[in-house]
Amino acid sequence: MMNIPFVKMQGAGNDYIYVIADALPRNMADMVRRMSDRHFGIGGDGIVYLLPPSDSSADVTMRMFNSDGTEAEMCGNAVRCVARLAYERHMTEAPAVRVATKSGVKKVALHFGHDGFLASVDMGKPMFTAKDIPSLNGGELFIDRPLTAASSEIFQITAVSMGNPHAVLFVADVDAAEVHRIGKMLEHHPLFPNRTNVEFVQIVDREHIKLRVWERGAGETLACGTGTCASLAACVANNLTERHIRAQLPGGILEVEFDEQGHIRLTGPAEPVFSGVWPEDRA
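Just so it is clear, the model here is predicted, and its values are computed rather than measured.

**Digging into the overall build of the protein chain**
Here is step 1: The helix and strand tally for the protein chain stands at four helices and 18 strands.
Here is step 2: In summary, the protein chain has a C-alpha radius of gyration of 18 Å against a globular reference of 19 Å for 283 residues, a match within 12%.
Here is step 3: C-alpha atoms of the protein chain, sized along the principal axes, occupy 55 × 40 × 35 Å.
Here is step 4: For the protein chain, with 283 residues in total, the buried portion stands at 52%.
Here is step 5: With the model as given, the accessible surface of the protein chain reaches about 12,300 Å², and the carbon-plus-sulfur share is 51%.
Here is step 6: With 27 positive and 35 negative side-chain charges, the protein chain shows a separation of 4 Å between the mean positions of the two kinds.

Take a look at the structure:
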């Protein structure tokens, strides 16, 4: 019997199990569900595999799987952890790490300082068009538009893609928001053929938001990097904040900036929690 070495890491509380390998296992979905289980497994929001790059444009390839076994295109918190792990395991020599994801190559800058570790990643440009999200809204943009849910409730939504789909709602009190009920309902809304992540955003002031995220395939998470970026994009599109803000999530603070070239940069922690081995006969 062989064991599967892993490292548990978190970015603002968004925790995943990281595995370095040459290829994905055949029983990927079942293994993800078992290992991610917080009672009978290691526990996490999912599993991230670090694989060899397919060409010279990247230092490492990232494949990310939600705790329900489904694959996601990108995760802003996970890509920072991948970059740190790749650097510390000598998969690259440069502290500017190029990570290939299903939504393109992301460049991550690593900062080791006296006050701790931070990583900053160019998350690319947010996309608001229906075909890019994707959504079946019947129009080009979905900014501050009504959406009727299965419960017949109507929500004002701004839909945006950060390489994966997001539906952003603005709320008066994020702590009182019905994240689990509404998030689950909107995740599976027929308007989103690939399902969607759902962000609940409270505007504190023009440079500060509070945020909770219902993550597609995982439920509510303590943080979501792409969700934070999508929230800033929605805030700017609706003229609710400046282009550089701090986002307060249940798991910590993330800093996001929407630059004049239309790219969003995400900065936050990427910390190891523990490492171990997983018996292959349980995978």
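**Thoughts on empty space enclosed by the protein**
Here is step 1: One pass over the structure, following the stated rule, counts one cavity of 30 Å³ or more.
Here is step 2: In this model, the largest cavity occupies a volume close to 60 Å³.
Here is step 3: Looking at the largest cavity, the residues that line it are Met-64, Asn-66, Ala-72, Met-74, Cys-75, Asn-164, Asn-197, Glu-215, Arg-216, Cys-224 and Thr-226.
Here is step 4: Partitioned by chemical class, the residues of the lining of the largest cavity number five nonpolar, four polar and two charged.

**Concerning the packing of aromatic side chains**
By convention here, two paired aromatic rings are described through the distance between centres and the angle between planes.
Here is step 1: Counted according to the given criterion, the structure contains three aromatic pairs.
Here is step 2: Through a chain of ring-to-ring contacts, the aromatic side chains of Tyr-87, Phe-112 and Phe-117 assemble into a single cluster.
Here is step 3: Between Arg-84 and the ring centre of Phe-117, over which it is positioned, the NZ or CZ distance is 4.3 Å.
Here is step 4: Over the ring of Phe-258 we find Arg-243; its NZ or CZ atom is 4.3 Å from the centre of that ring.

About the cut-offs
Residues numbered from 1 in each chain as written. Predicted model: local features only at pLDDT ≥ 70, side-chain atom pairs only at ≥ 80, totals over all residues. Heavy atoms only, no water. Helix = DSSP H or I, 4+ residues; strand = E, 2+ residues; numbered from the N terminus. Rg over C-alpha atoms; globule rule 2.2 N^0.38 Å. Buried < 20%, exposed > 50% of the residue type's maximum accessible area, 1.4 Å probe, protein only. Areas by Shrake-Rupley, 256 points an atom, 1.4 Å probe, with all protein chains shown as cover. Lys, Arg positive; Asp, Glu negative; His and termini not counted. Charge placed at Lys NZ, Arg CZ, Asp CG, Glu CD. 1 Å grid on protein atoms, 1.4 Å probe; cavity = no way out; pocket = protein on both sides within 12 Å on 5 of 7 lines; lining within 4 Å. Points joined across faces, edges and corners; volume = space filled by probe spheres on them. Nonpolar A, V, L, I, M, F, W, Y, C, P; charged D, E, K, R; others polar. Phe/Tyr/Trp six-rings, centres within 6.5 Å; stacked < 30°, edge-to-face > 60°. Lys NZ or Arg CZ within 6 Å of the ring centre and 35° of its normal.

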